[in-house]
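Results of the structural survey
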Amino acid sequence: ILVLLGVLVIVLLLGGWLLFKSNLFESPPKQVQVPTVIGMTEADARNAIGAAGLSVDAPDFRPDDDPTTKGKVLEQDPNRDQYVDPGTSVHLTISSGLPQVQVPFLIGSTQDEARNKLRDAKLKPEFTSVESDKPQGEVLSTAPEAGTAGDQQSTGHATDRKGPGHAPNGSV
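Since the structure is predicted, the reported quantities are computational estimates derived from the model, not experimental observations.

Topologically, Thr69 is positioned in the loop between β3 (60-62) and β4 (73-77). For Thr69, the side chain forms a polar contact with the side chain of Asp64, separated by 2.8 Å. Among the polar contacts listed, one links the side chain of Thr69 to the side chain of Ser95, at a separation of 3.2 Å. Beyond its immediate chain neighbours, meaning those up to four positions away, Thr69 contacts Asp64, Leu74 and Ser95.

Okay, structure coming up:
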């Protein structure tokens, strides 16, 4: 009977070892490292994330004061170098470029007034002078047109009347 009991203990131990050694229980997936994608274009970031076995959800877009970052990744979550389960979604924030500003109405303004309005709107003033019957220095036209949106720090063009001298109709 002792022999039978000893054999039974050995069989139970062997069975328990096989049970835990086998693939009966799913092992946790091996985690993967989140790649660094900040500064990459959206397409390059998606490729790097996909190559790491991860996915990308719908990105957010936000303006950035640096004109060189347009279309590039500003932020990512989870952060770079973290380890996550395969298939985990990475959220990206991508630069939509410089903030948009509205071009002010300048026609009829003096060159100084127009320069100040453009600078207040965070646009770079640029003037072209032409012959006209309007008073000297008066703004005659703008590009882009007033009310349209443009990139902050882009150039606002204004055309004014040449001077000094008299306008063709004698007004100054």
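Further remarks concern a nonpolar patch on the surface. Nonpolar side chains collect at one region of the surface, where Ile1, Leu2, Leu5, Leu8, Val9, Leu12 and Leu13 lie side by side and expose about 810 Å² of accessible area between them. The residue Leu8 is located in helix α1 (residues 2-21) in this model. Leu8 gets classed as partly exposed once you look at its relative accessible area, which sits at 46%.

With that out of the way, let us pick up the sheet that holds strand β9 (residues 139-143). If you walk across this open sheet you meet the three strands as β8-β11-β9, and the pairing is mixed. Of all strands in the sheet, those with a lone pairing partner are β8 (124-130) and β9, marking the two edges. For this sheet, the mean angle separating the axes of adjacent strands, direction not counted, is 25°. Relative to strand β11 (residues 155-161), β9 runs antiparallel, the two being bridged by four bridges. Residue pairing across strands places Ser141 opposite Thr159, the latter belonging to β11.

In this section: the side chain of Asp64. Relative to the helices and strands, Asp64 resides in the loop between β3 and β4. The charged side chain of Asp64 is buried without a salt bridge, its nearest counter-charge being Arg62 at 4.5 Å. When sequence neighbours within four positions are dropped, the list of residues in contact with Asp64 reads Thr69, Leu74, Ser95, Gly97, Leu98 and Pro99.

The next point concerns the nonpolar core. Among the nonpolar cores identified, the biggest contains eleven residues, and these are Val34, Val37, Ala45, Ile49, Leu54, Val56, Val73, Val84, Val90, Leu92 and Ile94. Among the elements of the structure, α2 (42-51) and β6 (89-95) are those that each provide at least two residues to this core. For this core, the element with the highest residue contribution is β6, accounting for three residues. In this view, Ile94 contacts Glu42, Pro59, Asp60, Phe61, Arg62, Gly71, Lys72, Val73 and Leu74; residues no more than four positions away in its chain are not counted. Counting residues in each nonpolar core, the second largest holds nine residues, with Leu106, Ala114, Val139 and Ala158 among its members.

Conventions adopted
- Residues numbered from 1 in each chain as written.
- Predicted model: local features only at pLDDT ≥ 70, side-chain atom pairs only at ≥ 80, totals over all residues.
- Heavy atoms only, no water.
- Helix = DSSP H or I, 4+ residues; strand = E, 2+ residues; numbered from the N terminus.
- Polar contact = N/O pair within 3.5 Å; in protein donor to acceptor, adjacent residues only side chain to side chain.
- Contact = heavy atoms within 4.5 Å.
- Patch = residues over 30% accessible without salt bridge, like charges linked within 9 Å, V, L, I, M, F, W, Y side chains within 5 Å.
- Areas by Shrake-Rupley, 256 points an atom, 1.4 Å probe, with all protein chains shown as cover.
- Salt bridge = Lys/Arg side-chain N within 4 Å of Asp/Glu carboxyl O.
- Buried < 20%, exposed > 50% of the residue type's maximum accessible area, 1.4 Å probe, protein only.
- Pairing = 2+ DSSP bridges.
- Axes fitted to C-alpha atoms, helices over the stretch in contact; angles between N-to-C directions.
- Lys, Arg positive; Asp, Glu negative; His and termini not counted.
- Core = buried A, V, L, I, M, F, W, Y, C linked by side-chain atoms within 4.5 Å.

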